[in-house]
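Listed below, chain by chain, are the residues.
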Amino acid sequence: MNTKGAGNWKLTRRAVLGHMAGAGSLLAMPSIVRASEKLGGELYFETFGGAYAEAVKTYIIDPFEERYGVKVRVTNFGSGGEQLAKVQASNDRIDVTSLNGSRIYAAIKNGSLLPLDLVQIPNFADQHPNFQKPAYEVGDGNNYSSALVWGDTAIAYNTDFVKEMPTSWDDFMRPEVKGRTALFSSAMSLVHLGALMTGQNINDIQDLAAVESKLMELKPQLLKFWSSGSENTQLFATGEIWLANFWRGRVNKLREEGHPIQYTVPKEGAVAWVDCMVIPKTCQNKQAAEAFINMTLDPEIQKNFVTEGITYAPSNVEVKLTPEEQQKLGASPEIFETAKFVDSAYVAANQDQWNLLANRVKAS
């Protein structure tokens, strides 16, 4: 993980804690939840399904319940769009939920999220600066999200059929992979890919016509557009596709299962994503919610989660990883520097025309 500027983060955290200590012992302050304190009650938590949910249960929820005596009621959602709609509707009690960074801006603008009380979440200060002042929030001086894991969306390929490692997004145009490629169907993903392929800044696209033209040129190479991680995993597992944009953790899982799949970041770079924890305004147990989020940021909790559960990069720079683990998880300084984080306000301002563009491409 990139540790650029780490000294400043530590000074900031020490300054905050020192200020608290000046008013009395930190452990003596009744407003701060101590690690040994039993809170009791229930916490309603929603997250992604499948292997992600299993890892959250094993490496975060179980230790949290044991430490704080809180019963966590877990439900799962099928997609980030589904969860965003549920959070915005505010019809059900949700104390904490997972939410992808790309959805957070809309949730904040809708008034659906509560600002985080960082005094109650001291581990927040050990996150990389990209997650302390993230581009996917509104920038009003508050923090509404706490990152858990992050990664990039780069190139996955089957080494049995793609003998030469792809080094560019243009390698999707190779004649030998025609009809054996797939791309993520989301409009934002397609536009960002077109921007990278035409040498443009994903957060300041000047020539949208060039993006559409490039995607139209690429369309005949595709077998299909994939819409979920499980679908793309199945396409690779059955050998239907040999080349696709995908997530590093899913590729790691395929390799663990014995499939000849590799992952590489092309020279043009890759768009980054982040999965976060947020507190919806429907929260009824904010004290437990803040304790839960703080625990998700604990360096040992995160290390176990990313090395034993979901193999993505941790948000906390204090997580101790070997060089091999850094490379596998995409948590090395070099990989972080190539990751292109999305400005959600820019996406929101352009989403409608991007949807129209994507629909034209997919319908062609």
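Residues numbered from 1 in each chain as written. Predicted model: local features only at pLDDT ≥ 70, side-chain atom pairs only at ≥ 80, totals over all residues. Heavy atoms only, no water.

It is worth spelling out the overall build of the protein at this point. A tally of regular secondary structure across the protein gives 14 helices and 11 strands. Relative to the globule expectation of 21 Å for 364 residues, the C-alpha radius of gyration of the protein, 21 Å, shows essentially globular dimensions. Each of the three principal axes of the protein carries a C-alpha extent, and together these read 70 × 40 × 40 Å. Every one of the 364 residues in the protein was classed for burial, and the buried ones make up 52%. Here the contacts in the protein between residues at least 6 apart in sequence split such that 73% fall between residues at least 24 apart. Of the roughly 15,600 Å² that the protein leaves accessible, carbon and sulfur atoms contribute 50%. When the 35 positive and 41 negative side-chain charges of the protein are each reduced to one mean point, those points stand 1 Å apart. (Helix = DSSP H or I, 4+ residues; strand = E, 2+ residues; numbered from the N terminus. Rg over C-alpha atoms; globule rule 2.2 N^0.38 Å. Buried < 20%, exposed > 50% of the residue type's maximum accessible area, 1.4 Å probe, protein only. Contact = heavy atoms within 4.5 Å. Areas by Shrake-Rupley, 256 points an atom, 1.4 Å probe, with all protein chains shown as cover. Lys, Arg positive; Asp, Glu negative; His and termini not counted. Charge placed at Lys NZ, Arg CZ, Asp CG, Glu CD.)

Ranked by internal contacts, the top residues of the largest apolar core, which has 76 residues, are Leu43, Phe64, Phe292 and Phe305. Every residue in contact with Phe305, bar those within four places of it in the chain, is listed here: Tyr52, Ala55, Val56, Tyr59, Ile60, Leu148, Val149 and Ile310. Residues Val162, Leu215, Leu218 and Trp242 belong to the second largest nonpolar core, which totals 31 residues. (Core = buried A, V, L, I, M, F, W, Y, C linked by side-chain atoms within 4.5 Å.)

One can describe the packing of helix α2 (residues 50–68) onto helix α10 (residues 286–296) by two numbers: an axis separation of 10 Å at closest approach and a directional angle of 125 degrees. Accordingly, the angle class assigned to the pair α2 and α10 is oblique. Judged by the twist between their axes, the crossing of α2 over α10 is right-handed. In contact with Ile60, Ile61, Pro63, Phe64, Arg67 and Tyr68 of α2, α10 contributes Ala288, Ala291, Phe292, Met295 and Thr296. Its residues assigned to classes, the contact of α2 with α10 comprises 9 nonpolar, 1 polar and 1 charged. (Axes fitted to C-alpha atoms, helices over the stretch in contact; angles between N-to-C directions. Parallel < 35°, antiparallel > 145°, perpendicular 65-115°, else oblique. Left-handed = near helix turned anticlockwise from the far one by under 90°. Nonpolar A, V, L, I, M, F, W, Y, C, P; charged D, E, K, R; others polar.)

This next bit is on the pairing of strand β5 (residues 181–184). Burial of β5 is two-sided: the residues Thr181 and Leu183 facing one way and the residues Ala182 and Phe184 facing the other way are all buried. Where β5 lies against strand β6 (residues 222–226), 4 bridges are found, and the strand directions are parallel. Its bridge partner lying in β6, Thr181 is registered against Leu222. Where β5 meets strand β7 (residues 243–247), 2 bridges bridge the pair, whose relative direction is parallel. Across the sheet, the residue bridging to Thr181 is Leu243, located in β7. (Pairing = 2+ DSSP bridges.)

What follows covers the pattern of salt bridges. Any two side chains of opposite charge can pair, on the condition that their charged atoms come close. Summed over all chains, the structure comprises 13 salt bridges. Note that Arg174 is salt-bridged to Asp171, the shortest N-O span being 3.4 Å. Under the relative-accessibility criterion, Asp171 is labelled buried at 14%. With a shortest N-O distance of 2.4 Å, Glu290 and Lys286 are connected by a salt bridge. In this pair, Glu290 and Lys286 both sit in helix α10, 4 residues apart, roughly one turn of the helix. Residue Glu290 is classed as buried on the basis of its relative accessible area of 6%. (Salt bridge = Lys/Arg side-chain N within 4 Å of Asp/Glu carboxyl O.)

Attention now goes to the packing of helix α4 (residues 101–109) against helix α14 (residues 344–363). Contact geometry for α4 and α14: axes closest at 9 Å, N-to-C directions at 75 degrees. Here α4 lies roughly perpendicular to α14, going by the angle between them. Here α4 contributes Gly101, Ser102 and Tyr105 to the contact with α14, which in turn contributes Ser344, Ala345 and Ala348. Tallied by class, the residues present in the contact of α4 with α14 amount to 3 nonpolar, 3 polar and no charged.

With respect to the helices, strands and loops of the structure, Tyr68 is situated in helix α2. It is 18 Å that separates the C-alpha atoms of Tyr68 and Pro299, two residues lying 231 residues apart in sequence.

A few words now on α2. The end-to-end C-alpha distance of α2, which contains 19 residues, comes to 26 Å, matching closely the 27 Å that a straight helix rising 1.5 Å per residue would cover. When the local axis directions of α2 are compared, the greatest deviation, roughly 40 degrees, occurs at Lys57. Restricting attention to buried positions, one finds in α2 the residues Tyr52, Ala53, Ala55, Val56, Ile60, Ile61, Phe64 and Tyr68. (Expected span 1.5 Å × (residues − 1). Bend = angle between axes of the 7 residues up to and from the residue.)

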